[in-house]
Amino acid sequence: MIKYIFDFDDVLFYNTSKFKKHMYKCFEEIGVSCDAIKTYYQEERDKGFVLRNLVISVIDGEKISSVNVDELIEKIMVECKNFVNNELIDKIKILGAEHCYMVTHGVTEYQMEKINRTGIRSLFCNIVVVQDTKKWSIEDICENFINDEVVFVDDKEKRFVDLDFEKYPNLRIVHYVGRENIADIFKENSFVKV
Ligand SMILES: [Mg+2]
């Protein structure tokens, strides 16, 4: 059986196109300009993005008293469940959790909170959060299922560059660009064991 490994942000979850926009809107509603948030966001991203740290820097930096940290975090995070890629999730539900893995990049606690809030956790037999390369997690799965095709789906091409395709001929990558290539993920098994 084919094993599937999915990235979270911008694959399973509309992080850039929906969640980030919603987050910016929540800040604008309390009077922080879009440009100001972008500056704070950039600073936090460089440190390893955690929403709580961004909210604290903005509230402190802009001297906001109309809302407290936890309220604003909740207002932002409560919408996570509405930003999942349902078209893709519907396909994953059919596969069965024992064939599906998630390997995501970011700060573990924050990534896990986003994942838990989306309610898709049970669709995956294992979820790994990495802070640097995904290579070891991906190749571990390839090693464990050396006789099966392993399909790794990510929106960032840089996640593919250090993978050892010679050692793992069972690994197939799909550069996810949007709903137009969902079919590529689930195309027929092309791996022939030699
Ligand atoms: Mg991604």
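Reading the values: the criteria
- Residues numbered from 1 in each chain as written.
- Predicted model: local features only at pLDDT ≥ 70, side-chain atom pairs only at ≥ 80, totals over all residues.
- Heavy atoms only, no water.
- Helix = DSSP H or I, 4+ residues; strand = E, 2+ residues; numbered from the N terminus.
- Buried < 20%, exposed > 50% of the residue type's maximum accessible area, 1.4 Å probe, protein only.
- Contact = heavy atoms within 4.5 Å.
- Areas by Shrake-Rupley, 256 points an atom, 1.4 Å probe, with all protein chains shown as cover.
- Lys, Arg positive; Asp, Glu negative; His and termini not counted.
- Charge placed at Lys NZ, Arg CZ, Asp CG, Glu CD.
- Domains from an automatic or database assignment.
- Buried area = accessible area lost by both parts, 1.4 Å probe.
- Salt bridge = Lys/Arg side-chain N within 4 Å of Asp/Glu carboxyl O.
- Pairing = 2+ DSSP bridges.
- Axes fitted to C-alpha atoms, helices over the stretch in contact; angles between N-to-C directions.
- Donors = N, O, S within 2.8 Å, 3.2 Å for Na, K, Ca; no water.
- Disulfide = S-S within 2.5 Å.
- 1 Å grid on protein atoms, 1.4 Å probe; cavity = no way out; pocket = protein on both sides within 12 Å on 5 of 7 lines; lining within 4 Å.
- Points joined across faces, edges and corners; volume = space filled by probe spheres on them.
- Nonpolar A, V, L, I, M, F, W, Y, C, P; charged D, E, K, R; others polar.

**Some points on the overall build of the protein chain**
Helix and strand counts for the protein chain stand at eight helices and five strands. Reading the protein chain from its N terminus to its C terminus gives the helix and strand order β-α-α-α-α-α-β-α-β-α-β-β-α. Dimensions of the protein chain, computed from C-alpha atoms along their principal axes, come out at roughly 65 × 30 × 25 Å. The burial tally for the protein chain puts 47% of its 194 residues in the buried class. Look at the contacts in the protein chain between residues 6 or more apart in sequence, and 66% of them connect residues 24 or more apart. For the protein chain, the exposed surface amounts to about 10,200 Å²; the carbon and sulfur share of it is 49%. Within the protein chain, the 35 negative side-chain charges are centred at a point lying 2 Å from the centre of the 27 positive side-chain charges.

**Quick notes on the domain arrangement of the protein chain**
Assigned domains of the protein chain: these are domain 1 (3-13 + 83-185) and domain 2 (15-80). Using C-alpha coordinates to define each centre, domain 1 is positioned 27 Å away from domain 2. Contacts between the two partners involve eleven residues from domain 1, matched on the other side by 14 residues from domain 2. Looking only at domain 1, the three residues that lose the most surface to domain 2 are F83, Y110 and R117, adding up to 60% of its buried area. Seen at the junction of domain 1 and domain 2, the total is one salt bridge.

**Concerning the sheet that holds strand β3 (residues 126-130)**
Pairing within the open sheet is parallel, and its five strands lie in the order β3-β2-β1-β4-β5. The open sheet has two edge strands with one neighbour each: β3 and β5 (171-175). Looking at each pair of strands side by side, their axes are set apart by 20° on average, direction ignored. Two strands pair when backbone bridges link them, and strand β1 (residues 3-6) and strand β2 (residues 100-105) are joined in this way by three bridges, in the parallel orientation. Across the sheet, the residue bridging to I5 is Y101, located in β2.

**Details of the side chain of K114**
By secondary structure assignment, the location of K114 is in helix α6 (residues 108-118). For K114, a relative accessible area of 2% gives the class buried. Here K114 is in contact with F8, D9, F13, N15, F19, M77 and C80, once residues within four sequence places are set aside.

**Remarks on the coordination of the magnesium ion**
Every protein donor of the magnesium ion is listed here as D7 (OD), D9 (O) and D155 (OD), and their distances to the metal cover 2.1 to 2.3 Å. Since its relative accessible area comes to 5%, D7 is described here as buried.

**Some points on the state of the cysteines**
Tallying each qualifying case throughout the model produces zero disulfides. Here C34 stays free of any disulfide, with the sulfur of C26 as its closest cysteine sulfur at 13 Å. Residue C34 is classed as partly exposed on the basis of its relative accessible area of 27%.

**A few points about the environment of S65**
Relative to the helices and strands, S65 is located in the loop between α3 (51-61) and α4 (69-77). Here S65 falls in the exposed class, since its relative accessible area comes to 72%. S65 sits 35 residues away from I30 along the chain, and the two C-alpha atoms are 9.4 Å apart.

**What about the layout of surface pockets?**
Looking at the largest pocket, its volume works out to about 620 Å³. If you go around the largest pocket, you meet 26 residues; those closest to its centre are D9, Y41, R45, H105 and K156. In terms of residues, the lining of the largest pocket owes the most to one element, helix α1 (residues 15-29), which gives five residues. Looking at the lining of the largest pocket residue by residue, the class counts come to six nonpolar, eight polar and twelve charged. Residue assignment places the lining of the largest pocket across two domains, with domain 1 (3-13 + 83-185) and domain 2 (15-80) each supplying three or more. As a volume, the second largest pocket reaches approximately 170 Å³. Elements supplying a minimum of two residues to the lining of the second largest pocket: α3, α4 and α6. Examining the composition of the lining of the second largest pocket, we find that three residues originate from one element, α6, more than from any other. When grouped by side-chain class, the residues that make up the lining of the second largest pocket number six nonpolar, no polar and three charged.

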